[in-house]
Amino acid sequence: MQSNMQGQPIQPKNWLVESTLVTIFCCLPFGIAGIVFASQVNTKYQAGDYEGALQASKDAAKWTKIGFWIGLAGLLIYLIAFFFFGVAAIWGSRHF
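1. A closer look at helix α2 (residues 28–46)
The end-to-end C-alpha separation of α2 is 28 Å, in line with the 27 Å expected for 19 residues at 1.5 Å each. For α2, the secondary structure elements touched by its buried residues are α1 (16–25) and α3 (50–94). Positive backbone phi, approximately 95 degrees, marks G48, located one or two places after α2.

2. A look at the pattern of salt bridges
Across all of its chains, the model carries one salt bridge by this definition. A salt bridge links K13 to E18; the shortest N-O distance between them is 2.8 Å. Of the residues examined, E18 reaches a relative accessible area of 26% and is grouped as partly exposed.

3. Thoughts on the side chain of T64
Of note, T64 is situated in helix α3. T64 gets classed as buried once you look at its relative accessible area, which sits at 3%. Those residues in contact with T64 that lie beyond four places of it in its chain are W15, E18, S19, V22 and G34.

4. Re the packing of aromatic side chains
Scanning the model with the defined rule gives five aromatic pairs in all. Summarising the aromatic geometry, the rings of F68 and W69 are spaced 5.1 Å apart at their centres and angled 75 degrees between planes, so their arrangement reads as edge-to-face. Cation over ring: K13 sits above W15, and NZ or CZ is 4.9 Å from the ring centre.

5. Some points on unusual backbone geometry
Even without glycine at this site, W15 takes up a positive phi of about 65 degrees. With respect to the helices and strands, the residue W15 is situated in the segment before α1.

6. So, a nonpolar patch on the surface
A cluster of nonpolar side chains, namely F68, W69, L72, L75, Y78, L79 and F82, defines an oily patch on the protein surface of about 770 Å² accessible area. According to the relative accessible area criterion, L79 is partly exposed, its value standing at 46%.

7. Topic: the packing of α1 against α2
The contact between α1 and α2 brings their axes to 7 Å, and the two run at 160 degrees. Here α2 runs roughly antiparallel to α1, going by the angle between their axes. Along this stretch, α1 crosses α2, giving a crossing that reads as left-handed. Judged by residue contacts, L16, S19, T20, V22 and T23 of α1 engage L28, G31, I32, G34, I35 and A38 from α2. The residue makeup of the contact of α1 with α2, split by class, is six nonpolar, five polar and no charged.

Criteria and thresholds
Going along each chain's sequence as written, the residues are numbered from 1 onward. Reporting in this predicted model follows two pLDDT cut-offs: at least 70 for local features of residues, and 80 or more for side-chain atom pairs to be given and counted; totals over whole chains, interfaces and linings ignore these cut-offs and use all residues. Working from all heavy atoms in the structure, the side-chain values ignore hydrogens and water. The way it works is that DSSP assigns letters per residue, a run of H or I at least four long becomes a helix, a run of E at least two long becomes a strand, and they are numbered from the N terminus. Expected span of a helix, by definition, is 1.5 Å for each gap between consecutive residues, and there is one gap fewer than residues. Residue contacts are counted whenever heavy atoms from the two residues lie within 4.5 Å of one another. Basic side-chain nitrogens of Lys or Arg form a salt bridge, by our definition, when they fall within 4 Å of a carboxyl oxygen of Asp or Glu. Any residue under 20% of the maximum accessible area for its type is buried, any over 50% is exposed, and the rest in between are partly exposed; the area is computed with a 1.4 Å probe on protein chains only. For Phe, Tyr and Trp, where Trp contributes only its six-membered ring, two rings pair if their centres lie within 6.5 Å, and the inter-plane angle classes them as stacked under 30 degrees, edge-to-face over 60, or tilted in between. Think of it as a cone above the ring: NZ of Lys or CZ of Arg counts as a charge over the ring if it is within 6 Å of the ring centre and within 35 degrees of the ring normal. Patch building starts from residues that exceed 30% relative accessible area and form no salt bridge, then joins like charges within 9 Å and nonpolar side chains (Val, Leu, Ile, Met, Phe, Trp, Tyr) within 5 Å. Surface accessibility in these figures is a Shrake-Rupley result with a 1.4 Å probe; residues are shielded only by whichever protein chains are displayed. Lines fitted to the C-alpha atoms define the axes, with helices restricted to the stretch that makes contact. Angles between their N-to-C directions range from 0 to 180 degrees. An angle below 35 degrees is treated as roughly parallel, one above 145 as roughly antiparallel, one from 65 to 115 as roughly perpendicular, and anything else as oblique. Left-handed is the label given to a crossing in which the near helix is rotated counterclockwise from the far helix by less than a right angle, and right-handed is the label when the rotation is clockwise. Side-chain classes follow a simple rule in which Ala, Val, Leu, Ile, Met, Phe, Trp, Tyr, Cys and Pro form the nonpolar group, Asp, Glu, Lys and Arg form the charged group, and the remainder, Gly included, forms the polar group.

Dropping the structure here:
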């Protein structure tokens, strides 16, 4: 664990910006879970609970990344379906 000049451990990343963006653009439920854990990082760190802050940071990262990848997969499935049904509609209209 890295520490600063006073010997305290360095504050873990809180993932608040990333989890908020995932909530808005990708996957609402997992993004909200990321926001909940991200909001705990600063509070636990300032209270002196360094291990709790680190765990909250890891949990926020986990839920943010899960939400991002699920949102990306959903977008990819949507685009594939859009292309497939578009091609099928064009193909069907030309042969009838």
